[in-house]
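The primary structure of each chain is shown beneath.
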Amino acid sequence: MALTKETIEDKIEIVGEYKAVQVRTATVVKEDGVELSRSFSRHVVQPTDDITGESAEVQAICNAVHTQAIKDAYQAMLDAQEEV
Amino acid sequence: MAITLNGSTGITTDIDGDESLTLNRDTSDGDIAVFQKDGSTVGKIGVEAGDNFYIADNAGNSGLNFKGFVNPVGSNGETRDAAIDLGNSGGRFKDLYLSGGVYVGGTGSANYLDDYEEGTWTPTISDASSGGNTATAYSVRSGKYVKVGNQITVNCYVTNFNTTGMTSSNGIYIQGFPFATDSSTQMTAAVYNTRSSNGGYTGGPIAYMSPSTTFCSFRIFINDKAQNTYLMQVGDNTSTVSDFIFTATYICAN
């Protein structure tokens with residue numbers, strides 16, 4: 001009987017006007033290769049976020065979708081929200 | 001030709017490499033095989049509307065046909081819309097595994113439930129809405145969420161956060177929400193916030209998420225006639241003893 005636990009980013013979504021990158025991380029526990037449980041944890045990478053701690057795949061996606069125009073637009077939106 | 005058998009054994013075929021039994025109905029729709037008990041029909045297999053294969057009972061007026069999707073039908077293979085239950089109160093199926101969603105109460109896109117998920121997220125106390133200086137320690141730092149369609153319910157539970165290194169005069173934020181808010185909706189929620197000065201105003205803070213974001217700030221109504229709000233600052237909270245606890249619901253971006 002071999003129990004294993006692995007953590008994988010099993011879903012990466014790009015949503016909304018500012019291309020928020022939503023990352024779902026699954027923790028999968030298996031016994032002899034048969035999945036016993038799967039739990040999720042999530043975080044979101046916004047255009048102005050630091051991505052150095054992200055996986056290579058998430059970084060590549062962020063670099064592709066978070067163009068300077070998107071970053072500028074998102075920052076402008078945040079600046080406007082601060083005035084609410 | 002008709003074959004009639006009497007006795008304890010029916011028809012048994014034992015053929016290797018070809019169909020064991022072929023039943024052919026020419027031209028018209030209808031039953032291809034009829035099943036009886038004590039001479040009374042209890043079920044049928046047949047064809048409807050040209051090539052829709054069906055299996056149906058006789059008395060209950062229920063069955064299924066197969067036309068690229070599985071369809072509820074009556075005893076003659078005809079579609080029966082909104083008339084047949086799947087399971088019943090004393091005979092339930094166990095789990096249902098779907099790669100898609102379900103339509104509840106209607107067949108429009110507004111009736112489509114396509115996602116359910118539970119999980120965790122990590123609240124981060126910060127002095128900016130993005131990046132900034134963050135709390136260095138917590139006694140409890142826990143976030144949970146439930147996603148039902150595009151509705152998100154989050155629970156945030158952080159206690160005794162240490163604000164050392166954070167800018168006291170900056171607003172205080174929680175970053176790290178698990179889903180971005182929709183572009184045209186906000187989130188507000190009452191907050192359990194202990195051992196804070198609330199900027200000198202009475203009343204507790206309200207968590208506020210603006211559209212398209214994954215952080216919240218904390219606002220306090222300042223009791224003027226215009227109902228303006230005060231943005232809670234880092235320095236309003238007492239380092240290592242203040243808490244933020246709340247549950248909030250919002251609509252996420254698609």
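Remember, predicted model here, so these are calculated numbers, not experimental data. (Residues numbered from 1 in each chain as written. Chains lettered and ligands numbered in written order. Predicted model: local features only at pLDDT ≥ 70, side-chain atom pairs only at ≥ 80, totals over all residues. Heavy atoms only, no water.)

## With respect to the overall build of chain B
Then, in step 1: Within chain B one finds 0 helices and 17 strands.
Then, in step 2: Dimensions of chain B, computed from C-alpha atoms along their principal axes, come out at roughly 100 × 40 × 30 Å.
Then, in step 3: Per-residue burial over chain B gives 35% buried out of 254 residues.
Then, in step 4: The contacts of chain B with a sequence gap of at least 6 include a subset with a gap of at least 24, amounting to 52%. (Helix = DSSP H or I, 4+ residues; strand = E, 2+ residues; numbered from the N terminus. Buried < 20%, exposed > 50% of the residue type's maximum accessible area, 1.4 Å probe, protein only. Contact = heavy atoms within 4.5 Å.)

## Here's the deal with the interface of chain A and chain B
Then, in step 1: In this complex, chain A contributes 19 residues to the contact, which on the side of chain B involves 24 residues.
Then, in step 2: Here chain A meets chain B over a buried area of about 1,700 Å², counting both sides, of which 43% is carbon and sulfur.
Then, in step 3: Between chain A and chain B we count 2 salt bridges in total.
Then, in step 4: Between Arg42 of chain A and Glu117 of chain B there is a salt bridge whose closest N-O contact spans 2.7 Å.
Then, in step 5: Taken together, the connections running from chain A to chain B amount to 11 residue pairs in polar contact (both at pLDDT 80 or more).
Then, in step 6: Sorting the residues of the side of chain A that touches chain B by element identifies strand 2 (20–31), strand 3 (34–45) and helix 2 (68–82) of chain A as the ones contributing at least two each.
Then, in step 7: Broken down by element, the side of chain A that touches chain B gets its largest block of residues, 5 residues, from helix 2 of chain A.
Then, in step 8: Looking at side-chain class alone, the side of chain A that touches chain B contains 9 nonpolar, 6 polar and 4 charged residues. (Buried area = accessible area lost by both parts, 1.4 Å probe. Salt bridge = Lys/Arg side-chain N within 4 Å of Asp/Glu carboxyl O. Polar contact = N/O pair within 3.5 Å; in protein donor to acceptor, adjacent residues only side chain to side chain. Nonpolar A, V, L, I, M, F, W, Y, C, P; charged D, E, K, R; others polar.)

## Describing empty space enclosed by the protein
Then, in step 1: Applying the stated criterion to the full structure yields 2 cavities of 30 Å³ or more.
Then, in step 2: Taken together, Val15, Gly16, Glu17, Tyr18, Lys19, Ala20 and Gln46 of chain A together with Ala180, Thr181, Ser212 and Ala253 of chain B make up the lining of the second largest cavity.
Then, in step 3: Considering only residue class, the lining of the second largest cavity consists of 5 nonpolar, 4 polar and 2 charged. (1 Å grid on protein atoms, 1.4 Å probe; cavity = no way out; pocket = protein on both sides within 12 Å on 5 of 7 lines; lining within 4 Å. Points joined across faces, edges and corners; volume = space filled by probe spheres on them.)

## Brief notes about unusual backbone geometry
Residues and elements named next belong to chain B.
Then, in step 1: A positive phi angle, close to 60°, is found at Thr27, a residue other than glycine.
Then, in step 2: Along the chain, Thr27 falls in the segment before strand 1 (30–37).
Then, in step 3: Here Ala49, not a glycine, exhibits a phi torsion of approximately 55°, which is positive.
Then, in step 4: Summarising the element assignment, Ala49 is placed in the loop between strand 2 (40–48) and strand 3 (52–57).
Then, in step 5: According to the relative accessible area criterion, Ala49 is partly exposed, its value standing at 47%.

## Quick word on the environment of Ser28 of chain B
Then, in step 1: Examined against the element boundaries, Ser28 of chain B turns out to sit in the segment before strand 1.
Then, in step 2: Expressed as a C-alpha distance, the spacing of Ser28 of chain B and Ala128 of chain B, which sit 100 residues apart in the sequence, is 74 Å.

## Focus: the confidence of the model for chain B
Then, in step 1: Averaged over chain B, the pLDDT score is 92; the fraction of residues at 70 or greater is 96%.
Then, in step 2: For this predicted complex, the interface score ipTM comes out at 0.87, while the overall pTM is 0.86. (pLDDT = per-residue confidence, 0-100.)

## Concerning the nonpolar core
Generally speaking, nonpolar side chains in soluble globular proteins are found buried as a group.
Then, in step 1: Counting 34 residues, the largest nonpolar core has Ile125, Ile174, Phe177, Phe218, Phe244 and Phe246 of chain B as the members making the most contacts within it.
Then, in step 2: The set of elements that each furnish at least two residues to this core consists of strand 2 of chain A together with strand 11 (151–159), strand 13 (187–190), strand 14 (206–209), strand 15 (215–221) and strand 17 (243–251) of chain B.
Then, in step 3: In this structure Ile125 of chain B touches Asn133, Thr134, Ala135, Tyr138, Val158, Phe161, Met166, Ile172, Tyr173, Ile174 and Phe244 of chain B, once residues within four positions along its chain are discounted.
Then, in step 4: Formed by 7 residues, the second largest nonpolar core is a distinct cluster that contains Val45, Ile51, Cys62 and Val65 of chain A. (Core = buried A, V, L, I, M, F, W, Y, C linked by side-chain atoms within 4.5 Å.)

## Some points on the pairing of strand 2 of chain B
Residue and element names in this part refer to chain B.
Then, in step 1: Note that strand 1 and strand 2 share 7 bridges and pair antiparallel. Among the inter-strand pairings, Asp31 is bridged to a residue of strand 2, identified as Gly46.
Then, in step 2: Linkage of strand 1 to strand 2, two consecutive antiparallel strands, is achieved through a turn of 2 residues, within which Asp38 is found at a positive phi near 50°.
Then, in step 3: Pairing geometry for strand 2 and strand 3, over 6 bridges, is antiparallel. Bridge assignment links Lys44 to a residue of strand 3, and that residue is Ala56.
Then, in step 4: Connecting strand 2 to the antiparallel partner strand 3 that follows it, the hairpin turn spans 3 residues, and Ala49 within it adopts a positive phi of roughly 55°. (Pairing = 2+ DSSP bridges.)

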